[in-house]
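Tertiary structure, described
Each chain is listed here by its residues.
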Amino acid sequence: MGILDSKVPAGPIESKWTNHKFNLKLVNPANKRKYEIIVVGTGLAGASAAATLGELGYKVKAFSFHDSPRRAHSIAAQGGINAAKNYQNDGDSIFRLFYDTIKGGDFRAREANVYRLAEVSGNIIDQCVAQGVPFAREYGGLLDNRSFGGAQVSRTFYARGQTGQQLLLGAYSALSRQINNGSVQMFNRREMLDLIVIDGAARGIVVRNLLTGEIEKYSGHAVVLATGGYSNVFFLSTNAMNSNATAIWRAHKKGAFFANPCYTQIHPTCLPLHGESQSKLTLMSESLRNDGRVWVPKKKGDHRPPNQIPEDERDYYLERKYPSYGNLSPRDISSRSAKEVCDEGRGVNGGEAVYLDLSEAIKRLGKKSIEEKYGNLFDMYANITGENPYDVPMKIYPAPHYTMGGLWVDYNLMSTVPGLFVLGEANFSDHGANRLGASALMQGLADGYFVIPYTIGDYLATTKFSPVSVTHDEFKKSEEGVKEQVKKLLSIKGKITVDEIHKKLGRLMWNKVGMARNEKGLKEVIGEIKELREEFWKNVNVVGKDNDLNQTLERAGRVADYLELGELMATDALNRNESCGGHFREEYQTEEGEAKRDDENYRYVAAWQFENVGKWNLHKEQLEFEFLHLAQRSYK
Amino acid sequence: MSWFWQFTNSSIGKKLTMAFTGILLIIFLIIHLAGNLSLYGGEKAFNSYAGTLEIVKPLIRIIEILLALIFILHIFNGIRVWWENKKSKPIDYAINAKSKNSTLFSRTMIHTGVVVFIFLIIHLVTFWYPYNAGGGELNLYQLVSGRFSDPIYGWFYIVAMLLLGFHLNHGFQSAFQTMGWNHKKYFSLIQLIGTIYATLIAIGFASLPIYFLYFHGR
Amino acid sequence: MNNNLNLKLKVWRQSNPKAVGAFVDYNVSVSPDASFLEMLDELNNELEKNNQEPVVFESDCREGICGTCGMVINGEPHGPLRKIATCQLHMRNFKDGQTIWVEPFRAKAFPIIKDLAVDRSAFDKIIQAGGYISVNTGSAQDANALPISKDIASDAFDSAACIGCGACVATCKNGSAMLFVSAKVTQFALLPQGQPERQQRAEAMVAKMDELGFGSCSNTYACEAECPKGISVRNIAKLNHEYLSAKCKSTNVEA
């Protein structure tokens, strides 16, 4: 077990959270305003946490590198949010959502956390509806649901193809209300560059004001990180341009363990690459797989236009391989299958793309109904590719999308640094080795609205705090360190731009730490990343000044962190001699090419402790499955 | 009453003032035109129409005062909105693509409005003042037909009415929009009626000088 | 590549909010499949290689939903195409040899920060003034306890689809934020959840909008035409009505 204590409460799984909530110490309402809580990141998890903590009466300082909390990348989630409401009467339950999530995560998540997630999922929907989130409804006026990958029930609530936007705007409105009340102080355009740890506990942060370049210091009694995932290590991903790992990485370097960094999700339904200048990849909601059929030509080298390929010469490979889940197979499986058929040379025009075909659904349900359901997605596709998806099947290919790994947290969402809490995609807690569709929104909001408000109170109530201000030596030391790095970056004045190095890193990661990994590749890539890192620090060119809005400098700092994180991802992938979920090691597969887990040796969370750049210590949190039976995942 | 001043000075309050006075002026124009059209009936018809109005002079005076207030509110509030709006957009774009997203009528309300305002003053000086100063002794038909037969005044009048039509074409539907009466089903109908109304008003008024310039007595 | 487009860019450069800006010419060659922002990425990469400061512009999701990007391209916010954000504009919509003018959003309430980046925090302040339903976490009733007709939910969604990019303000000759404000007010006015604070919301948000220096609406409807989400000006009519009725009915006599 080592030094990792998950603090999972004892007792039956159904009552763990209820009992735990009762056992948590409370902070007297009058005392709450004496506690200052720093929330970094104001996406779904951060905004919901900041708003709720503000409502409770804490003094909250919220930070975002955006110009407004409404820009956070949660906004781009399209498909929906899961909740075990069983409104459809199709046999859903908290236990089933729990089961689906654990199974979807290939038995690499902590049972108690996932059960709690399923348990509060219904409250999230209630809360969001009360905020005025315009979810899709049936004619009778009740909420509509659709189904999503990895589940056989309809439990996904949605607001056309813009669910993330509507949920984020809901959380943003709650946050705005608290800002107006004065209980939350909002700091926009600030990028967290360091975590302040005093006497072993998180007591503040150091940020760069992105407009003025000023280094600012803020102290508090606890720090909450909700800064999202790190898919942009791949350069090309579905993440927003500015999504980055800097906050969690700097916290990691200050003592927070990084868990399961190699668990990355490659989303099966993204638009294929168009060329060298491509800056990011665009996701098409997985909900399209509800009505769409995925196929490639049966014959290699069949370059006919899709409409001219007859039915019996098409390979609906997901339906063929996984008859019971078919096109709704989980993301990791769908992605890998696409890679397989393309590697066989059967991709569209021999390249890296497969068809996502909705023509049958258009025929069955009518163009109008499809337009209502997916209109904005179709428009988006047409606009980007210049092709009309109502006439020609869409072309899709997998792309990095989500990172299940993140900072290690216990049941209270506290990291290995006391007082540092981590929410949403930034932590590792709920999705195991693979996340199911429509579960990210659920987790972000569960953490922010319904978990952290309880657990942070216990920490504050049970901790003795010495007064700390920003004049403390640790703040000064950190400020100097941050300024030093900025100066260093600006002084190299080499030959290669930040983007060029980032693209190089992205290609390395995609080729060797992407959808399929092997020992040889991983060993190679660790060396290559080290070399690239050296090249970066010797030869990067960061133009502009430090006391100014300098986007190149912002990116340079982030890429510097990716160059360290990338190595950890490869190290973790190399350590994990099994295949599970999004982590597929070519050496470990069944005869049919499915992921082969090794529960005996790898049924643990790999939590990495930072020692030095390029050097980590591995700690293991053994995963116990008391309530679910460990089984090989089968979607056949 | 502080809420009331706050309301009328708010951005929406100012627009509601424009819309409300605008709608009243729209109605006034119909009545005015109906009266003017009696010019086609000849001297007797027109003067008897004017004579009828003389009988209810006290009522007319009250209406005139109200009308003056409405005009002043509409004009000065309009100029104020324009001036304040200019301050909200201190710098314009180097390349102008306004024609791609809005109509000329909607963008030139201040210009057409100012022309109509100047016209209004000249109009009052030309007709209203001599008539009222004349103590009812004046032959109004002679005055009107005389001015309309003057090519300079006649053409000024025609151009002013054309611009009034432009102003009304946008103003009509704009007033409905500002009052909050924009319904998916009916708004295109309102826009159509507005255009028909504006066209009829412009043609109706402008037809008089054209008639006196080119057709009357030939 | 042979099918690259050769374009002449005239980009507004301004080093800080108070500096005097000017257009700077750049010649670029770009793939027709690239997006407009990817073209600027490439330009910036070239500038950086030559030790020149890249053009500052903001963007994030590049899927047209976050509302971060926004520039005026040949006189139109988000460029010549309808219902897309700048990040969704692809170069295939331009002709080889064309000159493209790129300017920042201009309005008194959106001061320029640097080059093409502007400060739109005024939008946040308007939302903070009342763009929410006051419901504390945990106090909500069951989601299905409140049936809402499909049409109303759908209309509310249409209003809620606003991405807060500011194109409406940028294109309005009056620098008015009516489309933005009305979309939020309408969303909540349509829904039963929004009723308790309906009057107060309309009053507070409009007052804040006026205070921040936005102009008033003169119904040119340029905002609707340029809105990347196609938010209808019917929302503005609705706001006018909401505001008038709030002013008439509310008991707030102070303001």
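Residues numbered from 1 in each chain as written. Chains lettered and ligands numbered in written order. Predicted model: local features only at pLDDT ≥ 70, side-chain atom pairs only at ≥ 80, totals over all residues. Heavy atoms only, no water.

1. Considering the interface of chain A and chain C
At the junction of the two partners, chain A supplies 80 residues and chain C supplies 74 residues. Across the chain A to chain C interface the summed buried area is about 6300 Å²; carbon plus sulfur atoms make up 47%. Area buried by chain A at its contact with chain C is led by Arg71(A), Arg137(A) and Arg177(A), which between them contribute 10% of it. Salt-bridge contacts for Arg120(C) lead to Asp67(A); the nearest nitrogen and oxygen are separated by 3.8 Å. Of all the secondary-structure elements, those providing two or more residues to the side of chain A that touches chain C are helix 3 (44-56), helix 5 (111-130), helix 6 (163-181), helix 12 (367-385), helix 13 (440-462), helix 15 (498-512) and helix 17 (551-575) of chain A. Broken down by element, the side of chain A that touches chain C gets its largest block of residues, nine residues, from helix 6 of chain A. The residue makeup of the side of chain A that touches chain C, split by class, is 28 nonpolar, 33 polar and 19 charged. (Contact = heavy atoms within 4.5 Å. Buried area = accessible area lost by both parts, 1.4 Å probe. Salt bridge = Lys/Arg side-chain N within 4 Å of Asp/Glu carboxyl O. Helix = DSSP H or I, 4+ residues; strand = E, 2+ residues; numbered from the N terminus. Nonpolar A, V, L, I, M, F, W, Y, C, P; charged D, E, K, R; others polar.)

2. Quick look at the sheet that holds strand 1 (residues 36-40) of chain A
All names here are of chain A. As summarised here, the arrangement of the five strands in space is 6-2-1-10-18, forming an open sheet in which the pairing is parallel. A single partner strand is all that each edge strand has here, and the edge strands are strand 6 (184-187) and strand 18 (420-422). Here the strands of the sheet are splayed against their neighbours by 20 degrees on average, with no regard to which way each runs. One ladder, built from five bridges, connects strand 1 with strand 2 (residues 59-63); its direction is parallel. Looking at the pairing, Ile37 lines up with Val60 of strand 2. (Pairing = 2+ DSSP bridges. Axes fitted to C-alpha atoms, helices over the stretch in contact; angles between N-to-C directions.)

3. A word on the arrangement of the chains
The chain pair with the greatest number of contacts, out of two pairs of chains in contact, is formed by chains A and C. At the C-alpha level, the nearest point of chain A lies 19 Å from chain B, with no contact between them.

4. With respect to the sheet that holds strand 14 (residues 314-315) of chain A
All names here are of chain A. Pairing is antiparallel in the open sheet, where five strands are placed in the order 12-16-15-13-14. Whereas interior strands pair on both sides, the edge strands pair on one side only; in this sheet they are strand 12 (264-270) and strand 14. Here strand 12 pairs with strand 16 (residues 394-403) via five bridges, running antiparallel. Along strand 16, the bridge assignment pairs Thr264 with Thr403. Where helix 10 (residues 331-343) meets the sheet, its contacts fall on strand 12, strand 13 (293-297), strand 15 (354-357) and strand 16, and the angle it forms with strand 12 comes to roughly 65 degrees.

5. A closer look at helix 4 (residues 94-104) of chain A
All names here are of chain A. Among the residues of helix 4, those classed as buried are Leu97, Phe98, Asp100, Thr101, Ile102, Lys103 and Gly104. Buried residues in helix 4 make contact with strand 3 (81-82), helix 5, strand 5 (154-157) and helix 13. Of the residues one or two after helix 4, Asp106 is the one with positive phi, at around 55 degrees. (Buried < 20%, exposed > 50% of the residue type's maximum accessible area, 1.4 Å probe, protein only.)

6. Quick word on the packing of aromatic side chains
A full pass over the atoms with the stated rule returns 57 aromatic pairs over all chains. The interplanar angle of 40 degrees and the centroid separation of 5.8 Å between the aromatic rings of Phe7(B) and Tyr243(C) together place this pair among those described as tilted. With Phe7(B) in helix 1 (residues 2-9) and Tyr243(C) in helix 8 (residues 234-249), the pair connects residues from two separate chains. Per residue, the accessibility class of Phe7(B) equals that of Tyr243(C), and both read buried. With 6.4 Å between their ring centres and 75 degrees between their planes, Phe76(B) and Phe117(B) make a pair best called edge-to-face. (Phe/Tyr/Trp six-rings, centres within 6.5 Å; stacked < 30°, edge-to-face > 60°.)

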